[in-house]
Amino acid sequence: MSNLIELNHVEKRYFRKGGDVTALADVSFAVKPGEMVGIVGHSGSGKSTLTRLLGCLSSPTGGQYRFCGRDVATLSPNERAALRARKIGFVFQDFRLLPTLTALENVELPLTFCGVPSATRRRRAYQMLCAVGLEHRAAHRPFELSGGQQQRVAMARALVARPKLLLADEPTGNLDARAGEDVMNLLTRWNARGNTVILVTHDSRIAAALPRILHLHDGKLVLD
Ligand code: ADP
Ligand code: MG
């Protein structure tokens, strides 16, 4: 099977007045469709930088990143945005729901970027809320939800467009053990249905349960 993700000698450097920061250096690996991969490493080792790169939110400053067979650096900003909207879902440690929208409206949002008609949007968003067990909170705004509930809404939002790749950057980092388990169960279930999941985590117990782990150390891949 061909690779969903392919990095060849990827470098990511941040150019700053006080001195450049090389956040990723000579990183090469590939991920096949349907894999579940953990990314671990101490704080500052480049995990979030790598996650943004994999999610086509930024481009490498050296080497090559191919997603779905396409060299991401050759895409225009519009093409990259379209690729993200259709093929990639994101979950962050701090949820990042829009505070003025209800849970249902938050989940609907990615579908507006894909041009899905409004009645279909509503129906699919509601189905996703049911899948994460929050249909009874559809009309609530984020501040009326617990952290665990907010992250489940964020999961529904990340999955509603049925992305090929789900990227989760420390999704359990702000949650207690029980809510973290709910999120892990959703990630595992999504992966079991054949979808690719990449998960950044600090939690050694979570990492130990994953089939494959990438270790970053000072921007380098030290263990796969
Ligand atoms: P992690 O997620 O593993 O904690 P990051 O990817 O956030 O690591 O950061 C890796 C390195 O890059 C750190 O040294 C950090 O200070 C630096 N860095 C991250 N983002 C930026 C940025 N936007 N500008 C400059 N340096 C950055
Ligand atoms: Mg980080």
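Here, every reference points to the structure presented above.
Please read all numbers here as calculations on a predicted model, not as lab measurements. (Residues numbered from 1 in each chain as written. Chains lettered and ligands numbered in written order. Predicted model: local features only at pLDDT ≥ 70, side-chain atom pairs only at ≥ 80, totals over all residues. Heavy atoms only, no water.)

### Digging into the overall build of the protein chain
Helix and strand counts for the protein chain stand at seven helices and ten strands. Its C-alpha atoms give the protein chain a radius of gyration of 17 Å, within 12% of the compact-globule value 17 Å for 224 residues. Overall size of the protein chain, expressed as C-alpha extent along the three principal axes, is 45 × 45 × 40 Å. Looking at the protein chain alone, contacts between residues at least 24 apart form 70% of all its contacts between residues at least 6 apart. Carbon together with sulfur atoms contributes 51% to the accessible area of the protein chain, which is approximately 10,900 Å² in total. With 30 positive and 20 negative side-chain charges, the protein chain shows a spacing of 6 Å between the two charge centroids. (Helix = DSSP H or I, 4+ residues; strand = E, 2+ residues; numbered from the N terminus. Rg over C-alpha atoms; globule rule 2.2 N^0.38 Å. Contact = heavy atoms within 4.5 Å. Areas by Shrake-Rupley, 256 points an atom, 1.4 Å probe, with all protein chains shown as cover. Lys, Arg positive; Asp, Glu negative; His and termini not counted. Charge placed at Lys NZ, Arg CZ, Asp CG, Glu CD.)

### Observations concerning the site of ligand 1
In the vicinity of ligand 1 lie 13 residues, with Arg16, Gly44, Lys47, Ser48 and Thr49 positioned nearest. Arg16 places a side-chain nitrogen or oxygen 2.8 Å from a nitrogen atom of ligand 1. Between ligand 1 and Gly46, the relevant distance is 3.1 Å, taken from an oxygen atom to a main-chain nitrogen or oxygen of the residue. When the free accessible area of ligand 1 is taken as 550 Å², the share hidden by the protein chains comes to 66%. Looking at the shell around ligand 1, the elements that each hand over two or more residues are strand E2 (21-31) and helix H1 (47-54). Here the element with the most residues in the shell around ligand 1 is H1; it accounts for four residues. Looking at the shell around ligand 1, its residues break down into three nonpolar, seven polar and three charged. (Near = heavy atom within 4 Å. Polar contact = N/O pair within 3.5 Å; in protein donor to acceptor, adjacent residues only side chain to side chain. Nonpolar A, V, L, I, M, F, W, Y, C, P; charged D, E, K, R; others polar.)

### Comments concerning the packing of helix H5 (residues 147-159) against helix H6 (residues 177-192)
Two elements in contact, H5 and H6, have axes whose closest approach is 9 Å; the angle formed by their N-to-C orientations is 15 degrees. When the interaxial angle is binned, H5 and H6 end up roughly parallel. In the crossing of H5 with H6, the sense of the turn from one axis to the other is right-handed. Contact residues: Gly148, Gln151, Arg152, Met155 and Leu159 in H5; Ala179, Asp182, Val183, Leu186, Leu187 and Trp190 in H6. Residues that form the contact of H5 with H6 fall into these classes: seven nonpolar, two polar and two charged. (Axes fitted to C-alpha atoms, helices over the stretch in contact; angles between N-to-C directions. Parallel < 35°, antiparallel > 145°, perpendicular 65-115°, else oblique. Left-handed = near helix turned anticlockwise from the far one by under 90°.)

### Concerning a positive patch on the surface
A cluster of basic side chains, namely Arg123, Arg162, Arg189 and Arg193, defines a positive patch on the protein surface. Its place among the elements puts Arg162 in the loop between H5 and strand E7 (165-169). (Patch = residues over 30% accessible without salt bridge, like charges linked within 9 Å, V, L, I, M, F, W, Y side chains within 5 Å. Salt bridge = Lys/Arg side-chain N within 4 Å of Asp/Glu carboxyl O.)

### Side note on the nonpolar core
Counting 38 residues, the largest nonpolar core has Val107, Leu129, Val153, Met155, Leu166, Leu187 and Leu199 as its most contacted members. When contributions to this core are tallied by element, the ones reaching two or more residues are helix H3 (103-113), helix H4 (118-131), H5, E7, H6 and strand E8 (196-200). Aside from chain neighbours lying at most four places away, what touches Leu129 is Ala103, Leu104, Val107, Leu134, Glu135, Ala138, Val153 and Ala156. (Core = buried A, V, L, I, M, F, W, Y, C linked by side-chain atoms within 4.5 Å. Buried < 20%, exposed > 50% of the residue type's maximum accessible area, 1.4 Å probe, protein only.)

### Examining the sheet that holds strand E4 (residues 62-67)
Sheet architecture is open: four strands sit in the order E2-E1-E4-E5, paired in antiparallel fashion. Of all strands in the sheet, those with a lone pairing partner are E2 and strand E5 (70-71), marking the two edges. Two strands pair when backbone bridges link them, and E4 and E5 are joined in this way by two bridges, in the antiparallel orientation. Bridging across to E5, Phe67 finds its partner in Arg70. Its contacts with the sheet place H1 against strand E1 (5-14), E2 and E4, and it is angled at close to 125 degrees to E1. (Pairing = 2+ DSSP bridges.)

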